[in-house]
Amino acid sequence: MPLNIIIVEDSEELCEGWQDILSLDGHRVTCFFNGRSALEDQALLMQADVLVTDYYLPDINGLALVAKVRKIRDDIPLILLTGTRDPAIRESLRQVENSMFLSKPIRIEQLERSIRELLVASSKSPPVEPDKADQVDRPPSSPY
């Protein structure tokens, strides 16, 4: 099932790489390189099936972005990514319903699987056959 995915990630190379791969799977992926730009596109936020955001952004941290997004759309499933090992970030996100925390570096396969799991848990998507999406022939991805 094609999804509308928003990725907020300040690394253009990383975001565009994920966008390319997820688009090959039929998903519509929009990248934003800062939180402000993502928040300005409220129409897109209303249509999104999931939002994936980095914690460290140039203009806002990921938890603050999540709080602002939830004021616009309180039901959107969220994934917060970070390379930091600060347990306070993970603990803060535990208080946010319908969200998931992932540590960087992350392989694209793990991101895809996490999106599926989050959507199934939030009842936004029918269950996907196990490992079906992981069977796509792709060259090995970067861990970033």
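Data block above holds the structure.
Residues numbered from 1 in each chain as written. Predicted model: local features only at pLDDT ≥ 70, side-chain atom pairs only at ≥ 80, totals over all residues. Heavy atoms only, no water.

Peer 1: Help me understand the packing of aromatic side chains, please; the structure alone is not making it clear to me.
Peer 2: Given two aromatic rings, one states the distance between the centres and the angle between the planes to describe the pair. Scanning the model with the defined rule gives one aromatic pair in all. When the centroid spacing of 4.7 Å and the interplanar angle of 90° are considered together, the rings of Y55 and Y56 count as edge-to-face. With a relative accessible area of 12%, Y55 lands in the buried category. On the basis of relative accessible area, Y56 is assigned to the partly exposed category, the value being 48%. (Phe/Tyr/Trp six-rings, centres within 6.5 Å; stacked < 30°, edge-to-face > 60°. Buried < 20%, exposed > 50% of the residue type's maximum accessible area, 1.4 Å probe, protein only.)

Peer 1: Looking at this structure, how should I read the sheet that holds strand β4 (residues 78-82)?
Peer 2: Neighbouring strands of a sheet are bound in pairs by backbone hydrogen bonds; such pairs are parallel or else antiparallel. With respect to topology, five strands assemble into an open sheet ordered β2-β1-β3-β4-β5, the strand pairing being parallel. Here the strands that pair on one side only, and so sit at the sheet edges, are β2 (28-32) and β5 (99-103). For this sheet, the mean angle separating the axes of adjacent strands, direction not counted, is 15°. As paired elements, strand β1 (residues 4-8) and strand β3 (residues 50-54) share four bridges and run parallel to each other. Across the sheet, I6 pairs through a bridge with L51, a residue of β3. This element, helix α6 (residues 108-121), spans β1, β3, β4 and β5 of the sheet and lies at about 165° to β5. (Pairing = 2+ DSSP bridges. Helix = DSSP H or I, 4+ residues; strand = E, 2+ residues; numbered from the N terminus. Axes fitted to C-alpha atoms, helices over the stretch in contact; angles between N-to-C directions. Contact = heavy atoms within 4.5 Å.)

Peer 1: Just to check I follow, could you spell out the environment of E91 for this structure?
Peer 2: Its place among the elements puts E91 in helix α5 (residues 87-94). The exposure class of E91 is partly exposed, given its relative accessible area of 38%. Separated by 10 residues in the primary sequence, E91 and F101 place their C-alpha atoms 9.5 Å from one another. Within the local environment of E91, its side chain forms a polar contact with the side chain of R94, the two groups lying 2.8 Å apart. (Polar contact = N/O pair within 3.5 Å; in protein donor to acceptor, adjacent residues only side chain to side chain.)

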